Amino acid sequence: EARLQAEREELEKLERERKEKELEKLELKDRERREDELNELRHLLENNHTAVTKWKTDAMEKAKWEKYMHCDGTPDPAVQRDINTYISLWRDDPEVNITSVLKQCNLALQLVEELEGLLRDVTDPQQGQKYQEALINLQELIHSKHHRTSEEILKRASESIDTETGNMQTVVKDDNITLCLWANLKKDPRFKGLNFEEVSLGFQLPKQLAVSDIAVRILHTHYDHLSLLARMAHLKIPTPSSRCDITANTTITMIFFTVIIMLGETKEDEEVKNDKETQQQRVDEEVQSIRGLEGRKIKQKIERLAEGDLRSHSVQFTMMDGDEHAQVVDLMQYTPLGGVFYYDVFCLPPQAHQVIGWEIRQVLDTGLQVFPYPTERSNLYDKEALTCPPVGVSMTLPDSIVFLETPQVARWDAAGKQWRMDGITDVSYEEEEAKISFKMESFQAFVLMQETYANLPFQNWELRPLGQDSAVFTVNGALFDFSIMIQGDQCMLQSEQEKGPSQLLGKWMSGPALQKAMVNVGINVFVNEYTDKYVSTCGKDPLTEHAAYEQMALFASACAFSWSKWNAKCGAEHLVMQVCEHQGPAPVLRNSWSLYLLGAQRSQKLQITEKSEAFSPDLYPGSEFHSTFIHMLQDNMSTEGIARTRESNYLFIDTVQSLLCATRPLMYS
C-alpha cells in the first residue's frame, strides 16, 4: 500500500510539473505576441473612434446649417440676447386665446429641451448659470401663460353652464398638456366631486368648498419642469477642474472611453492616496501592460472611479438628516413618470351680467387668485368648519407609462423646491383597472413615481448577431423583459409583455433617443455613477469591464455573448461570459456556448461549463492564452466569421458599445 501510494503521488507530481511547463510555454507564447495583439486592438478602436467622431461632428454642423437656413424666427437658445429677447416679447404678448397660446407654449417647450441639452454639456460655470436662468425664466413664463388662459376661460364660465349640474366644466388637450377646469356656479352643498371622464381625472371636495365661490383646475403637463427645478436647487455645480473628471451628465462610460482611446491627451491629475496597496499595484500593472507607459497619466482617474471618489467631484444631492426630511424624495432613487399634475383651487373671477343688451363685467388686474385652503381658523365661524378635511383626487394611470410596481404619489413642496411623500393619505390602487385615488391636506402639484432601478439587477442577458451590422440585445429584468434590435446606428424596442409601451414598441430611433424614451415611459435599465448605491452588483473592475464591452462590440456581427452564473463567482478582477460564433436570426443552440474568462492581463477559454458544480479557472484543453479578448475568440472562429468582424460599420460598433456601457450587464446581472 505504501508503494502504491508513493507511485500515485509521483504520478501526480509529474502531471503537475507537466501542466506547469505547458502553462509556462503558453504564457511565454502569449508574452511574445502581446505587443502585436494590443497594437492591433488599439488600431481597431482608434479607427472606429475617429470615424464616429467625424460623423457626429458632421451631423452637428449639418443640423446647425439646416436650422439656420430654415429661417423660421425661432431664437437660438445658445445666444443669450436672442433668448432674452424672445422671452421679453412673449411675456408682453397680450394673446389669451387658448389655441394660440398652446402653440406658442409648444415652441417654448422645444427651446426648454434645447437649453437642457446645453446645460448638460456646458463646461463654463458662468455660461451654465446663464443657461439655467434662461431655462427657469422660460419655464415660469410657460406656466404663467397657462394661468392667463385658464383665467380667460373662467371669466366666461357662466356662458358655458352645464344643464345637468348647473356648473361649468371643460377639458382642453394637446400633445403636451391636459387642462381640466370646473367653476362652482351653483354652490350645491350636496356636491361631492366631479370626474372628467374623457381624460379619466377626478376630484373630490369637502362641504365648505362646495358652497364657496371657487374654481378647480387640474393641469396635467406631460413634461416635468418641477423635478428639474428640484435637481437644480439641490445640486452642487462642479468647478471647471472637477468637470474634467466627470460632468453633470457624463456617465462612467465616457471616462472609460477616455481611458481606452484618448491616450496621450489627458493632463497629469493630482496624485490620489489609496489605502489599498494591492489595488494601487494592480492598477499600475493594468495601465502599464494594457495601454503602455502613457496610461500612467490617467491612472488617477481609474483609481478614483474604482474607489468611488468621483462622487465627491461630480454632481451630488444635498444630504438631508432628521425627521423633517425623512419624506423628501431622493430623485436618484425615484423617477417621476407621466408628467406633473397641478391641482389648484382659485377664487372664481367675476362673471358678466347681461343688462339691456349690454355686458357688464367687473375687471380685476390681480389675475387668478388662489383660494385659501385650509382656511385659517380665525376666518371660520361655525364649529363644523374648524377642521378642514382633505381634498381628494382620482385618476387612471397614463397608458403611455409602464408602472412595474404600485406607483408612489409625491406632492410638490414649493418652499423647499422638492418632492415629498408626506401629507398624502387614503391611497387606493386598483391594479387591474390601473386606477389610483388619494387625498391631500391641501391643493398642491403632485406626481406619480416609481423606483428608478426597479428592473435591476438583470436576471440574464444575451447579445446575438442577426447579420452584418445587425444584432439583438435581450434582457430578462427583475420585473420586465425586453429586447433591443440594433441595425446600424438605429435601435428598436421589442417586448412581449402585456405592460409594454405600445407607443414605443416597433419604432426605429437612435440609441440616445431610445434610452431617453425608455426612461420616460418607466423602463429604466440604464445606470450611472450612483446606481451601485441602490442596486446589488457583481463588483467588477471598471477598466476590465469596459474593455470587454469595447471588444464585444467589435465582434457583435459574428459572435453571440450571454450571461454566465460564474461571473458572480470569479472575483472582482475577472469576468466570465458565454460566447460562440453565430450567424442568422435563429436562436443559439444550447450546446454551442463556451465559457471565457477575461482579466486585465489575459483572456482564456475555460474547461468548465454552466452545469459544472464549482468554478474553476482551468484552461480548456488545447487552447491558449491571449492578451486581448478578440484574439482569444478568433482561435475558435471561422475565416468568414473573422471577416464579418472586420467589415463591421463603425456606427454599428459604436451603438452596440454605447448600449452595453449604458446598461453594464456584466456588473448588474
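The rules we used
Residues numbered from 1 in each chain as written. Predicted model: local features only at pLDDT ≥ 70, side-chain atom pairs only at ≥ 80, totals over all residues. Heavy atoms only, no water. UniProt positions renumbered as here; feature names shortened; annotations may be inferred. Helix = DSSP H or I, 4+ residues; strand = E, 2+ residues; numbered from the N terminus. Areas by Shrake-Rupley, 256 points an atom, 1.4 Å probe, with all protein chains shown as cover. Phe/Tyr/Trp six-rings, centres within 6.5 Å; stacked < 30°, edge-to-face > 60°. Buried < 20%, exposed > 50% of the residue type's maximum accessible area, 1.4 Å probe, protein only. Lys NZ or Arg CZ within 6 Å of the ring centre and 35° of its normal. Contact = heavy atoms within 4.5 Å. Core = buried A, V, L, I, M, F, W, Y, C linked by side-chain atoms within 4.5 Å. Domains from an automatic or database assignment. Expected span 1.5 Å × (residues − 1). Polar contact = N/O pair within 3.5 Å; in protein donor to acceptor, adjacent residues only side chain to side chain. Pairing = 2+ DSSP bridges. Patch = residues over 30% accessible without salt bridge, like charges linked within 9 Å, V, L, I, M, F, W, Y side chains within 5 Å. Salt bridge = Lys/Arg side-chain N within 4 Å of Asp/Glu carboxyl O. Lys, Arg positive; Asp, Glu negative; His and termini not counted. Charge placed at Lys NZ, Arg CZ, Asp CG, Glu CD. Axes fitted to C-alpha atoms, helices over the stretch in contact; angles between N-to-C directions. Left-handed = near helix turned anticlockwise from the far one by under 90°.

The name an unreviewed UniProt entry assigns to the protein chain is Dynein axonemal intermediate chain 7, from the organism Seriola dumerili. A UniProt comment under Sequence similarities (unreviewed entry) is attached to the protein chain, and it reads "Belongs to the DNAI7 family."

A. Representation of the overall build of the protein chain within the structure. A count of helical and extended segments in the protein chain gives 15 helices and 23 strands. Accessible area of the protein chain: about 34,200 Å², with a carbon and sulfur share of 50%.

B. Seen up close, the packing of aromatic side chains. Applying the stated criterion across every chain yields a total of 14 aromatic pairs. With 6.1 Å between their ring centres and 35° between their planes, Tyr86 and Trp90 make a pair best called tilted. Of this pair, Tyr86 and Trp90 both sit in helix H2 (residues 80–92), separated by four residues, roughly a single helical turn. Residues Tyr86 and Trp90 agree in their burial class; the two are buried. Measuring from ring centre to ring centre gives 6.2 Å for Trp566 and Phe615, while their planes differ by 45°; the resulting arrangement is tilted. Here Trp566 is found in the loop between strand S20 (559–562) and strand S21 (575–581), whereas its partner Phe615 is found in the loop between strand S23 (603–605) and helix H13 (629–634), with 49 residues between them in sequence. By relative accessible area, which is 5% here, Trp566 ends up buried. Through successive ring pairs, a cluster of aromatic residues spans Trp182, Phe191, Phe196 and Phe203. Just above the ring of Phe625 sits the side chain of Arg602; from NZ or CZ to the centre is 3.8 Å.

C. The environment of Lys67, seen in detail. On the secondary structure map, Lys67 appears in helix H1 (residues 2–70). We classify Lys67 as partly exposed; its relative accessible area is 35%. Lys67 has contacts with Pro75, Pro77 and Glu114, leaving out every residue within four places of it along the chain.

D. Looking closely at the environment of Ser100. Note on placement: Ser100 falls in helix H3 (residues 98–121). In the structure, Ser100 is positioned 49 residues away from Thr149 in sequence and 9.9 Å away in space, judged by C-alpha atoms.

E. Seen up close, the nonpolar core. Counting 63 residues, the largest nonpolar core has Ile484, Met518, Met552, Phe561, Met577, Phe629 and Leu633 as the members making the most contacts within it. No other element matches the seven residues that helix H15 (residues 650–663) contributes to this core. Both of domain 2 (156–226 + 328–350 + 365–374 + 389–451) and domain 3 (460–663) provide at least three residues apiece to this core. Ignoring sequence-local partners within four residues, the contact set of Met552 consists of Trp461, Phe561, Met577, Phe629, Leu660 and Leu666. With 52 residues, the next largest nonpolar core counts Val101, Cys105, Leu219 and Leu368 among its residues.

F. Structural detail: H15. In this model H15 runs 20 Å from its N-terminal to its C-terminal C-alpha over 14 residues, within 8% of the 20 Å that 1.5 Å per residue would give. With respect to burial, H15 is a largely interior element, 12 of its 14 residues being buried. Taken as a whole, H15 has its buried residues at Leu651, Phe652, Ile653, Asp654, Thr655, Val656, Gln657, Leu659, Leu660, Cys661, Ala662 and Thr663. Two to three positions downstream of the cap, the backbone nitrogen of Leu651 sits 2.8 Å from a side-chain oxygen, assigning the N-cap of H15 to Asn649. Once H15 finishes, Arg664 follows within two positions and takes phi at roughly 50°, a positive value.

G. Highlighting the pairing of strand S12 (residues 424–430). With five bridges joining them, S12 and strand S13 (residues 435–440) adopt antiparallel strand pairing. By the bridge assignment for S13, Glu430 is matched with Lys435. What sits between the antiparallel neighbours S12 and S13 is a turn of four residues, in which Ala434 has the positive phi angle 55°.

H. Representation of a negative patch on the surface in the model. Taken together, the side chains of Glu10, Glu17, Glu20 and Glu24 make up a negatively charged region of the molecular surface. Relative to the elements of secondary structure, Glu24 occurs in helix H1.

I. Structural view of the sheet that holds strand S9 (residues 391–396). Sheet architecture is open: five strands sit in the order S3-S4-S9-S13-S12, paired in antiparallel fashion. Only two strands of the sheet have a single neighbouring strand rather than two, namely strand S3 (193–196) and S12. Averaged over all neighbouring strand pairs, the angle between strand axes comes to 10°, with direction disregarded.

J. How the structure looks around the packing of helix H12 (residues 542–554) against H15. Closest axis-to-axis distance for the H12/H15 pair is 8 Å, and the angle between their directions is 145°. Between H12 and H15 lies a crossing of right-handed hand. Where H12 approaches H15, its residues His546, Tyr549, Glu550, Met552, Ala553 and Leu554 are matched on the opposing element by Ile653, Val656, Gln657, Leu660 and Cys661.

K. Representation of the pairing of S3 within the structure. Only one face of S3 is covered, namely the face carrying Leu194 and Phe196; the face carrying Gly193 and Asn195 is uncovered. Looking at chain direction, S3 and strand S4 (residues 201–204) are connected through four bridges and run antiparallel. Following the sheet pairing, Gly193 is matched in S4 by Gln204. Taking the residues that link successive antiparallel strands as the turn, the S3-S4 hairpin has four residues, and the phi of Ser200 there is positive, at about 55°.

L. Expanded view of the sheet that holds strand S14 (residues 446–451). Strand order in this open sheet of seven strands is S1-S2-S5-S6-S14-S10-S11, and the pairing throughout is antiparallel. The open sheet has two free edges, formed respectively by strand S1 (168–173) and strand S11 (418–420), since each of these has just one partner strand. Sheet twist, expressed as the average angle between the axes of neighbouring strands with direction ignored, equals 25°. By the bridge criterion, four bridges tie strand S10 (residues 408–413) to S14 in an arrangement that is antiparallel. Paired with Val409 across the strands is Leu448, a residue of S14.

M. Broad picture of the side chain of Arg411. Structurally, the position occupied by Arg411 is in strand S10. A polar side-chain atom of Arg411 sits 2.6 Å from the main-chain carbonyl oxygen of Asp422. With residues near it in sequence (within four places) discarded, Arg411 still touches Gln418, Trp419, Arg420, Asp422, Gly423, Ile424, Met440, Gln444, Ala445 and Phe446.

N. Summary view of the side chain of Arg217. In this fold, Arg217 is placed in strand S5 (residues 214–221). Given the relative accessible area of 0%, Arg217 is considered buried. At a separation of 3.3 Å, a polar atom in the side chain of Arg217 contacts the side chain of Ser150. Those residues in contact with Arg217, other than ones at most four positions away along the chain, are His143, His146, His147, Ser150, Leu179, Cys180, Leu181, Tyr342, Tyr343, Asp344 and Phe346.

O. Molecular detail of the pattern of salt bridges. Taken as a whole and assessed by the stated rule, the structure comprises 25 salt bridges. For Asp58, the salt bridge is made with Lys54, and the minimal N-O distance between the two is 3.0 Å. Here Asp58 and its partner Lys54 are both found in helix H1, four residues apart, which amounts to about one turn of the helix. Taking relative accessible area as the criterion, Asp58 reaches 41% and is therefore assigned partly exposed. The partner of Arg190 in a salt bridge is Asp188, with the nearest N and O atoms 3.5 Å apart. The structure contains a network of salt bridges with shared partners spanning Glu152, Arg156, Glu159, Glu359 and Arg361.

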